[in-house]
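The lines below spell out each chain.
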Amino acid sequence: MTDDPDLRASDGDRDRVAAVLSEALATGRLTSVEHADRLDIAYTAKTVGELVPLTRDLPEVSASSVPVAIERQMIDSKFSKIVRKGRWVASRNTKLTARFGALIIDLSDAVLPGREITIETNAWFSKLIVRVPDNAHVIDEGGSMFGKRNVTGGSHADGPLIRVTGKSMFSKVIVSRSKDDWNLH
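The rules behind the values
Residues numbered from 1 in each chain as written. Predicted model: local features only at pLDDT ≥ 70, side-chain atom pairs only at ≥ 80, totals over all residues. Heavy atoms only, no water. pLDDT = per-residue confidence, 0-100. Helix = DSSP H or I, 4+ residues; strand = E, 2+ residues; numbered from the N terminus. Polar contact = N/O pair within 3.5 Å; in protein donor to acceptor, adjacent residues only side chain to side chain. Patch = residues over 30% accessible without salt bridge, like charges linked within 9 Å, V, L, I, M, F, W, Y side chains within 5 Å. Areas by Shrake-Rupley, 256 points an atom, 1.4 Å probe, with all protein chains shown as cover. Salt bridge = Lys/Arg side-chain N within 4 Å of Asp/Glu carboxyl O. Lys, Arg positive; Asp, Glu negative; His and termini not counted. Charge placed at Lys NZ, Arg CZ, Asp CG, Glu CD. Pairing = 2+ DSSP bridges. Axes fitted to C-alpha atoms, helices over the stretch in contact; angles between N-to-C directions.

Further remarks concern the confidence of the model for the protein chain. Close reading of the predicted structure is inappropriate where its pLDDT is low. Confidence in the prediction for the protein chain averages 83 pLDDT; 86% of positions are at 70 or higher. Put simply, helix α4 (residues 68-71) is where the protein chain has its lowest mean pLDDT, 61, and strand β11 (residues 167-169) is where it has its highest, 95.

As structure tokens, this is what we get:
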């Protein structure tokens, strides 16, 4: 990062701060709550000056130590039900796979790494539900065969762009902003 605190922060700057924070969590320097709070601030920071205080009390991490989870994550449900909700760190590319089960992912409280993420939804004989933040712009680039695919797009304010890709067969795939038609409790 540059020494100019007024310079606009790039996604690379935010990712480098996220790597330092993740390493600090892994080594016990930060609690999970501190990590989530700082990561949330890092990914919403507009300037380099906003990023500096987040890692001032932590040791540097080399570029080769950037966690793979920032870029790619996989959540797989086979013959079972998996629910991921609350405050958690999503990835730029998340692959969701459900086979003969249910997979419910709630991104409304998740920390999203950057302005654009891709969610690959693959379902066979299953139900796959993704709840997105209220201000998200959703683009559906997936398909379905012998099933139902209901992806609520649109845009509100200046939220993140979420691309939904993937295929489903004999399954129900729902991507929405509300949980009126399904249960996350």
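Moving on, we get to the side chain of D13. Examined against the element boundaries, D13 turns out to sit in helix α1 (residues 11-26). Only 3.1 Å separates the side chain of D13 from the backbone nitrogen of S10, close enough to count as a polar contact. A polar atom in the side chain of D13 sits 2.5 Å from the side chain of R16.

A cluster of basic residues, K81, K127, K148 and K172, forms a positive patch on the protein surface. The topology assignment puts K148 in strand β9 (residues 148-151).

Taken in spatial order, the 5 strands line up as β2-β4-β6-β12-β9 in an open sheet, and their pairing is parallel. Across the chains shown, the open sheet's two edge strands, defined by having one partner strand only, are β2 (81-84) and β9. Taking the axes of each pair of neighbouring strands and ignoring which way they run, one obtains an average angle of 5 degrees across the sheet. Pairing of strand β4 (residues 102-106) with strand β6 (residues 127-131) involves 5 bridges; the strand directions are parallel.

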